[in-house]
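Single-letter residue listing:
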Amino acid sequence: MEKMSRVTTALGSSSITGRTMFCHLDAPANAISVCRDAAQVVVAGRNIFKIYALEEEQFVEKLNLRVGRKPSLNFSCADVMWHQMEENLLATAATNGAVVTWNLGKPSRNKQDQLFTEHKRTVNKVCFHPTEAYMLLSGSQDGFMKCFDLRKKESVSTFSGQSESVRDVQFSMKDYFTFAASFENGNVQLWDIRRPDRYERMFTAHTGPVFCCDWHPDDRGWLATGGRDKMVKVWDMTTNRAKEIYCVQTIASVARVKWRPEKKFHLATCSMMVDHNIYVWDIRRPFIPFATFEEHKDVTTGIVWRHQHDPHYLLSGSKDSTLYQHMFKDATRPVDKANPEGLCFGLMGDLAFAVNESLVSSDAGRKPYPGGDRRYPFFSFKKPNPTEQFAHVSSALSVFETDLDSSRMDWFVKTAQLYLLSGKPFTELCDHNATVAQELKRPQVRRVRTKIIIRITGTANLNVSAFSFSMKEMGPESRLERCKGESRPDNVHLEPGNSHISNNNEDNEETEGSDGPTEYMFGDAELDDDDLYPMEHDNQTVPEEPVYTLPPEAFQLRHEIIDNPSAPEHLQQDKADSPHVSGNEAEVACLTPIESFSLISISQPLYSPHLHASFFCPIVREMLSHYAERGDVQMAVSVLIVLGERIRKEIDDLTQEHWYMSYIDLLQRFELWNVSNEVIKLSTCSAITCLNQTSTTLHINCSNCKRPMSNKGWICDRCRQCASACAVCHHVVKGLFVWCQGCSHGGHLEHIMNWLKNNSHCPAGCGHLCEYT
Amino acid sequence: MASGSIPSFTFKAYGEDNPRQVSGSGSSSRHHSDSESEICPTTKSLARLCSRDKDERATALEKLSEKILVCLELDRTGSARLSKETLLHLLRLSRSCPLQEVRMRATELLCIAQEEGIEVPRALASGPSAFIPAKELLIEGLNQDILVESFLSLGQVDHLTMVMALHPSYLSCFLRTQHALFELDGPLPRDWRHYVSVMAAARHHCSYMVQQHSKAFLEAGGDESWLSGIKHAPVKLRSLHTLNKLLAHRPWLITQQHIQELVCAGAEPRWSLAELIHAVILMAHTHSLCSFVWGCGLNPEPDHIGGYAFHPPSPSHIPRSPHSPAHEDGRPELVDGAVEVEVLMKRMVELQQQQEEECTQEEMVTRFERQRSESIPTAVVRGAPPELVLCLVEEPEFRYEDFAPRGEQSPSTMRAQDYSWEDHGFSLVQRLLPDMGQFLDEEFQVVSNLTYNRMAMHEDVDTYTLRKALWNYIHCLYGIRYDDYDYGSVNVLLERSLKVFVKTMACHPEQTTARIYHAFWRHFRHSEKVHANLIVMEARLQAALLYTLRSITAYIK
């Protein structure tokens, strides 16, 4: 095991050795605490109260404090603390409201020393004074904190938070008289132990309960708090008002927080729910944990650093009934797994990628993309800080822009907008979409035919005579499969004609049988070539091949699939016709898919029906996957939606989901919100329809009284004022409201636009220089 | 036009004495109502009465009367001149609208209509509640604002709202939760939400809630045939049956497996966690609301079946309402009631001052068990539930049974310290259904802090211990135990008649009778009894939620 590694740290007289290890407890733990010399740990829970010795190789059970046949509820511990001065002194907080102290020096089996039953509700926390031997503080669900002098039978003072339950109390490390208390209502209070009448200071730290707080061991003024709102905040208490200086957002409510010894900026957290890991954060790097311990199988309930001057050992107890010692060097470092490279396509086919600088410099010999290659500084270098243990990651960002003409995406936008996906009978949808594609004269015109094919397959049981035709239609399609192998080697540099000719030969036999109508039908496929070739040439002119790999490939592949079916056309119509760019334009333009469709119907009776609808499903599936793989996910998704149940079962859910996601992403980048929403709505994938179920609520506060508005967006129920008046016309805005983020004045979109055309100051007269971009 | 009239049509189909001849007849009557809605006031025009603008409201009111008068001029026979749904709506307005001018006008119009020879319906119930005298709930009271607000935003003030308005601070947060549950964005479609509530209400035979939600279900575009029987609903909804049943009667039996069956990858139909939690909250919310409805003896709304009649009821022929709180008269006799209050107050003070004596865990457990297993006679068997409700319930014979932890394979008690709403439940709900946790949290907090510092005829009383005892007693009935609570004080504070009421309400709400209601706290105000009702309702909601959420947490893990 790699975790067998041993570390020895010399700390004054004592030295700590050990490895990552664990032991099974009999019951879930609620809290743990170590004694000062870091040799023993106490584990407390509802049904457990034991002391373990920390030996080099293992935990050894030293003492079971839970004695008696039917132990009383005083043994049911919510919290435990080992005195940091007195080796024999422990205190526990019981769920029934008792505060109990234990003296390990007692000769009897029952070590219970004193019992305070002053709290009416569960005690959530006990805390010994760091230097004073007899001072114990408790915080309870009943909203009171009590200070006990262990030489007396009763509490010496009671502090009333005047608010809800106390979740945590902590003596300040440096300030003899000060302690902090955190509350269920989100407040944190500072108290002077000598003044029980009122708190010194109070501030709201979190929304919802503050589950924990911890004073920085070295820095006098720093207090870390963690709450149900999933935040860890670090407060500077030296100033007049508590100032939030760092904030870490975690993924679940924060149950415990502990500063890491000897490391000024590190703290460990564990969570109350759902997440079982322990994280160590560098608070200056709040986005990614510095280290993670992933051993526990249920929520971690107690964490404690083994020695107050040793940052390498962390102990933790959990609801999964285990006690762990974690070695810091065995921790997972999420930073190492983070990917410092990024690659992204722009909307118009631009490509940006960020990569580690060292990698870029090794490629420096490369010819830069003319005019297009721009490098942006990504991270500005900070002066390396020796205390930071993060590797410095700096990346260079390169952006490659494509030639505007070659990859205009208008067709995408138009087709997306015009395609009808639902609301009409199946056949009409197909017809409509076919027409759309035709009108746009895009390479995707082929979808016209595809749609027809699909339609025929789809309605096969009804329209028996359609079979044969679709069969014939499918001919080239399936041949395509066979040709693929051959076409693949063709790359952009090959003369396109070559591949055609080779395909033609292949196709020859099969197409010969077909009669007149096919000729025209394939005719419309010709369109593809027209539009495709110029694009292809454009790509070839892109001078820098290696970097620009992806886009050309996409086009190249599409070329393959498209030019194949057109082959018979060359063969039959004009064998000598070499597929030059300008060649076919005229003849093809007159053919509309409607025509070809009517021809289809004529030819129907010629063939005898003997095929089943499901026969075509695999073919359609293949075809869709091709489209998707070649980058035309629009096609794949549109067909998928229109066909609905007919094809859905053929394609596995993950693939469908992937297509949907890609298409929706594209649509959203083009700001086609309506279309993308329609797609989401129509999709049959549960993962996709979920997208619409996530909250789309926008919360607004009244600009007048600053209270949340409940009913309507424009009138406040509380102060009866119109909250969103237009700064230009002074009427209520009941639609698009635009406002300046600087001065927060705003109004009707048009009004503001007009105003700022002629003025530069805010229309409200506040003197702010607003800017409309 | 047609779309505008659909709600009013369904409304009507509902009000008919012999409703739901299943879906087939729907289409024919639909035409009928279409032609009528041309002239008659539509719901749309009625909705304008809810405008926040005073002038607009006045105009809408004028228009409404004009239209109705025009209808009356029409040359048709008898009651054909005004459709039934219009009449019922007027009736509702005349009885429950918090705006005086609207109420007056509606009454006036009904009078005119009657003079014109139209059969006018009259409400059978004398007030919102069969237990609480109507004058205690008079809508001119102090709580005008909140009622007006609710009228303006919801278009009606139902009996539930009127009774809750005794505690305005609670009502406002209740309405917010209700709004968020049924109207705001969420994983379930709106008609489904209401249908889930219908299913839940049917478990407690609460035809008041069933009718309220059925109406809303149809307004949300739901399929009418679903209401004629649960077998017409989609499989996915029907798969909630087990959970619904357990949540309503024995939530402690809910386990990880129940969640898994609905959520895991192989499940068909499969629920997403967000959908499931939405449904769970809907069901638990409705179940506990049923407790409230029965516990306060709410009368059917004027437009519910049995809530109105066209002829003045003769004693021999009272149209039987499927929802009628039992009318046993149990007016309090004034025997030493005042003394009871004194004693209770004294005990509360004592409890607060008394230092807790140390008891063994055993003793505490025994006290807890004693509370839980104490036999409280609750089973006054009511007649079979009405057909309307029965068709929506599967396994109607599954009922509450005392939580029995001592048995063989029975579940262990839930420790409040191990799974609490504040620490665990909230985070889970918030994670799966953002904002919902916040709303529920607020509701729980308002209820647990609600106090007017008075008790019966005494002012300046700290009622904390009493409220706490109620809350913990209900949780105790549901098998949730607080380590830091001495269950001995439940016996001290809650008299037997109160326990009977609480247990009936929490466990067999449909068997609440006026006698039970009147028997406890005889010198307390009605508003205080409603307060007790609120505590029972929320405690029950939280208990049911805790068990389910705990199972979901276990499933996620």
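Residues numbered from 1 in each chain as written. Chains lettered and ligands numbered in written order. Predicted model: local features only at pLDDT ≥ 70, side-chain atom pairs only at ≥ 80, totals over all residues. Heavy atoms only, no water.

The name given to chain B in an unreviewed UniProt entry is Sestrin 2, and the organism recorded there is Poecilia mexicana. Taken verbatim from the UniProt record of chain B, the Catalytic activity (unreviewed entry) comment is "a hydroperoxide + L-cysteinyl-[protein] = S-hydroxy-L-cysteinyl-[protein] + an alcohol". (UniProt positions renumbered as here; feature names shortened; annotations may be inferred.)

For chain A, the name recorded in an unreviewed UniProt entry is GATOR2 complex protein WDR24, with Poecilia mexicana as its organism. In its Pathway (unreviewed entry) section, the UniProt record describing chain A reads: "Protein modification; protein ubiquitination." Note on chain A: under the UniProt heading Subcellular location (unreviewed entry), the record states "Lysosome membrane".

Talk me through the sheet that holds strand β20 (residues 210–215) of chain A; I want residue IDs and the actual numbers.
Each strand in a sheet pairs with another by means of backbone hydrogen bonds, the pair being arranged parallel or else antiparallel. Residue and element names in this part refer to chain A. Spatially, 4 strands are ordered β20-β21-β22-β23 in an open sheet, and the strand pairing comes out antiparallel. On the outer flanks of this sheet lie β20 and β23 (243–249), each paired with one strand and no other. Averaged over all pairs of adjacent strands, the angle between strand axes in this sheet comes to 20 degrees, irrespective of strand direction. Alignment of β20 against strand β21 (residues 222–227), held across 5 bridges, turns out to be antiparallel. (Pairing = 2+ DSSP bridges. Helix = DSSP H or I, 4+ residues; strand = E, 2+ residues; numbered from the N terminus. Axes fitted to C-alpha atoms, helices over the stretch in contact; angles between N-to-C directions.)

Could you give an account of unusual backbone geometry, with specific residues and numbers?
Leaving glycine out, the prevailing phi sign among residues is negative, and the prevailing peptide bond configuration is trans. Of note, A:Glu262 is a non-glycine position whose phi angle comes to about 65 degrees, a positive value. Residue position: A:Glu262 is located in the loop between β24 (254–259) and β25 (266–271).

Before we move on, can you summarise the pattern of salt bridges with the specific residues and values?
The final tally for this structure, using the stated rule, is 26 salt bridges over all chains. Two residues, A:Glu244 and A:Lys233, come together in a salt bridge whose shortest N-O distance is 3.9 Å. Remark: A:Lys233 occurs in strand β22 (residues 231–236) and A:Glu244 occurs in strand β23; sequence separation between them is 11 residues. Take A:Glu244: its relative accessible area is 38%, and that puts it in the partly exposed class. Its relative accessible area of 11% is what places A:Lys233 among the buried residues. The network of salt bridges with shared partners includes A:Arg46, B:Arg415, B:Asp418 and B:Asp483. (Salt bridge = Lys/Arg side-chain N within 4 Å of Asp/Glu carboxyl O. Buried < 20%, exposed > 50% of the residue type's maximum accessible area, 1.4 Å probe, protein only.)

I'd like a description of the sheet that holds strand β14 (residues 144–149) of chain A, backed by residues and values.
Residue and element names in this part refer to chain A. Reading across from one edge, β12-β13-β14-β15 is the order of the 4 strands in this open sheet, with antiparallel pairing throughout. Of all strands in the sheet, those with a lone pairing partner are β12 (123–128) and β15 (155–160), marking the two edges. Averaged over all pairs of adjacent strands, the angle between their axes in this sheet comes to 20 degrees, without regard to strand direction. Sheet topology places strand β13 (residues 135–140) next to β14; 5 bridges connect them, and they run antiparallel. Counterpart to Leu137 in the pairing with β14 is Cys147.

So what's going on with the packing of aromatic side chains? Residues and values would help.
Residue and element names in this part refer to chain A. Enumeration over the complete set of coordinates arrives at 36 aromatic pairs over all chains. Arranged with centres 4.7 Å apart and planes meeting at 50 degrees, the rings of Phe203 and Trp235 form a pair that is tilted. With a gap of 32 residues between them, Phe203 in strand β19 (residues 201–204) and Trp235 in strand β22 connect regions that are remote in the sequence. The interplanar angle of 35 degrees and the centroid separation of 6.1 Å between the aromatic rings of Trp222 and Trp259 together place this pair among those described as tilted. In this pair, Trp222 is assigned in strand β21 and Trp259 in strand β24, connecting sequence segments 37 residues apart. Summarising the burial analysis for this pair, Trp222 and Trp259 share the class buried. (Phe/Tyr/Trp six-rings, centres within 6.5 Å; stacked < 30°, edge-to-face > 60°.)

Kindly report on the side chain of B:His531, identifying the contributing residues and their values.
Tracing the backbone through its elements, the reader meets B:His531 in helix α25 (residues 526–556). When sequence neighbours within four positions are dropped, the list of residues in contact with B:His531 reads B:His167, B:Leu450, B:Thr451 and B:Arg467. (Contact = heavy atoms within 4.5 Å.)

Could you give an account of helix α13 (residues 633–643) of chain A, with specific residues and numbers?
All names here are of chain A. Most of α13 is tucked away: 11 of the 11 residues are buried. Along α13, the residues classified as buried are Val633, Gln634, Met635, Ala636, Val637, Ser638, Val639, Leu640, Ile641, Val642 and Leu643. Just downstream of α13 lies Gly644, where phi reads positive at about 55 degrees.

Before we move on, can you summarise the nonpolar core with the specific residues and values?
Formed by 179 residues in total, the largest nonpolar core has its most connected members in B:Met164, B:Tyr195, B:Leu240 and B:Leu276. In terms of residue count, the dominant contributor to this core is α25(B) (15 residues). Formed jointly, this core draws a minimum of three residues from each of two domains, domain 1 (39–120) and domain 2 (128–186 + 249–271 + 294–312 + 337–353 + 360–384 + 393–556) of chain B. The residues touching B:Met164, leaving out its near neighbours within four places in the chain, are B:Tyr170, B:Leu171, B:Phe174, B:Leu289, B:Phe292, B:Leu534 and B:Met537. Among the nonpolar cores identified, the runner-up in size contains 29 residues, and A:Trp411, A:Tyr627, A:Met635 and A:Leu667 belong to it. (Core = buried A, V, L, I, M, F, W, Y, C linked by side-chain atoms within 4.5 Å. Domains from an automatic or database assignment.)

Describe in detail the interface of chain B and chain A, supporting the description with residues and values.
At the junction of the two partners, chain B supplies 37 residues and chain A supplies 37 residues. Of the roughly 3300 Å² buried between chain B and chain A on both sides combined, carbon and sulfur atoms contribute 44%. Where chain B meets chain A, there are 5 salt bridges. A salt bridge links A:Arg121 to B:Asp484; the shortest N-O distance between them is 3.1 Å. (Buried area = accessible area lost by both parts, 1.4 Å probe.)

Please provide a residue-by-residue account of the packing of helix α21 (residues 464–477) of chain B against helix α23 (residues 496–507) of chain B, values included.
Residue and element names in this part refer to chain B. Relative to each other, α21 and α23 sit at 50 degrees, their axes nearing to 11 Å. With respect to each other, α21 and α23 are oriented oblique. Remark: the crossing between α21 and α23 carries right-handed chirality. Contacts from Leu470, Tyr473, Ile474 and Leu477 in α21 reach Lys499, Val502, Lys503, Ala506 and Cys507 in α23. Taken together, the residues of the contact of α21 with α23 break down into 7 nonpolar, no polar and 2 charged. (Parallel < 35°, antiparallel > 145°, perpendicular 65-115°, else oblique. Left-handed = near helix turned anticlockwise from the far one by under 90°. Nonpolar A, V, L, I, M, F, W, Y, C, P; charged D, E, K, R; others polar.)

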